Amino acid sequence: MTITIKTPQEIEKMRVAGKLAAQVLEMIAPYVKAGVSTEALDQRCHDYIVNIQKAIPAPLNYRGFPKSICTSVNHQVCHGIPSQKILKKGDIINIDVTVIKDGFHGDTSKMFIIGKPSIQAKRVVEISHKALFLGIEQVKPGTKLGDIGYAIQHYVEANHCSVVRDYCGHGIGRQFHEDPQVLHYGQRNTGLSLKAGMTFTIEPMVNIGGHQVKLLKDDWTVVTKDHSLSAQWEHTILVTDTAYEILTLRNEEK
Ligand code: MF3
Ligand code: CO
Ligand code: CO
């Protein structure tokens, strides 16, 4: 596949899709509480995307994924499948939402903390959040992909956490996962040079322990090999003429 440079018309559609994805995370926030199942959260997001937004939940049936959102709890790194599992105090959960509207995708995720977190849980949630924004702040025409990866890896490792290597950010547009791959580790001034009109995600997964992961027998859920806690945040980003625009920015972030 090749990297697509979006036209102004396509960028407008990416803005719409990105905003809808962000609004799903805003809608679901009050329901992410102790006692709720991840399946119930999935059902609510599904109904909101389909009935209110008149959009499509991209994960549903994507390569056989059975649900409309991904829910990854505690040592689950990404691609957790919503289930009857009940959230309890002290859990941390990533909710990852991707919608398709008018042919274009918006992809974003955030961490929620249930009740009072352990110091370690709070730390990994904060470090992964800061890492995402350090990556985003690199974005402008001429920046290399390696600059994004370096900024994230350097910060995460300086804080004695690790960056997952086996999963990465991605170009996004008419396709859910387009070129290029956006690694969350790397070296400065290496790799592809960014150009205005590119759209891609940055979505660092940060582990308290080692970076190694394993895939569960459900063929989707990725967990840390050492069962240490993991956290992730994701935004869909547009490269503008001067810097970047976060297409999935939530009101709480403005
Ligand atoms: N939303 C995930 C990402 O950020 C991909 C989920 S694929 C699914 O790229 F099939 F698990 F939904
Ligand atoms: Co993504
Ligand atoms: Co995502």
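See the structure above.
This section reports on the structure supplied with the text. (Residues numbered from 1 in each chain as written. Chains lettered and ligands numbered in written order. Predicted model: local features only at pLDDT ≥ 70, side-chain atom pairs only at ≥ 80, totals over all residues. Heavy atoms only, no water.)

Right, let's get into the nonpolar core. Core analysis: the biggest nonpolar cluster contains 30 residues, and V139, I148, V156, L194, F200 and I202 have the highest contact counts within it. Contributions of two or more residues to this core are made by α3 (119-136), α4 (145-158), β9 (199-202) and β14 (235-239). Of the residues forming this core, the biggest block, eight residues, is contributed by α3. Residues in contact with I202, not counting those within four places in the same chain, are L132, G135, I136, V139, I148, I152, V182, H184, W233, E234, H235 and I237. Judged by nonpolar contacts, the second largest core, of 21 residues, contains L20, L41, V97 and F112. (Core = buried A, V, L, I, M, F, W, Y, C linked by side-chain atoms within 4.5 Å. Buried < 20%, exposed > 50% of the residue type's maximum accessible area, 1.4 Å probe, protein only. Helix = DSSP H or I, 4+ residues; strand = E, 2+ residues; numbered from the N terminus. Contact = heavy atoms within 4.5 Å.)

All right, on to the pattern of salt bridges then. Any two side chains of opposite charge can pair, on the condition that their charged atoms come close. For the coordinates displayed, the defined rule picks out 11 salt bridges. Residue E157 pairs with R165 through a salt bridge whose shortest N-O separation is 3.7 Å. Among the residues examined, E157 registers a relative accessible area of 36% and is labelled partly exposed. You can call R165 partly exposed: its relative accessible area is 30%. Across the pair E253 and R250 runs a salt bridge, and its minimum N-O distance is 3.4 Å. A residue is classified by how much of its surface remains accessible, and E253, at 22% relative accessible area, is partly exposed. We classify R250 as buried; its relative accessible area is 2%. Each of the salt bridges in this network shares a partner with another, and the network as a whole consists of K110, R250, E252 and E253. (Salt bridge = Lys/Arg side-chain N within 4 Å of Asp/Glu carboxyl O.)

Cis geometry marks the peptide bond from D179 to P180, where omega comes out at 0°. Note that P180 resides in strand β8 (residues 178-182). Positive phi, close to 55°, is recorded for K54, a residue that is not glycine. Along the chain, K54 turns up in the loop between α2 (38-52) and β1 (56-57). Phi is positive for R63, close to 50°, though the residue is something other than glycine. Relative to the assigned elements, R63 resides in the loop between β1 and β2 (70-73). Given a relative accessible area of 69%, R63 falls into the exposed group.

Attention now goes to the sheet that holds strand β12 (residues 222-224). Read from one edge to the other, the open sheet built from three strands follows the order β3-β12-β11, with strand pairing classed as antiparallel. Strand pairing shows two members of the sheet lacking a second neighbour, β3 (76-78) and β11 (213-215), which therefore form its edges. For this sheet, the mean inter-axis angle between neighbouring strands, taken without regard to orientation, is 40°. As paired elements, β11 and β12 share three bridges and run antiparallel to each other. Along β12, the bridge assignment pairs L215 with V222. (Pairing = 2+ DSSP bridges. Axes fitted to C-alpha atoms, helices over the stretch in contact; angles between N-to-C directions.)

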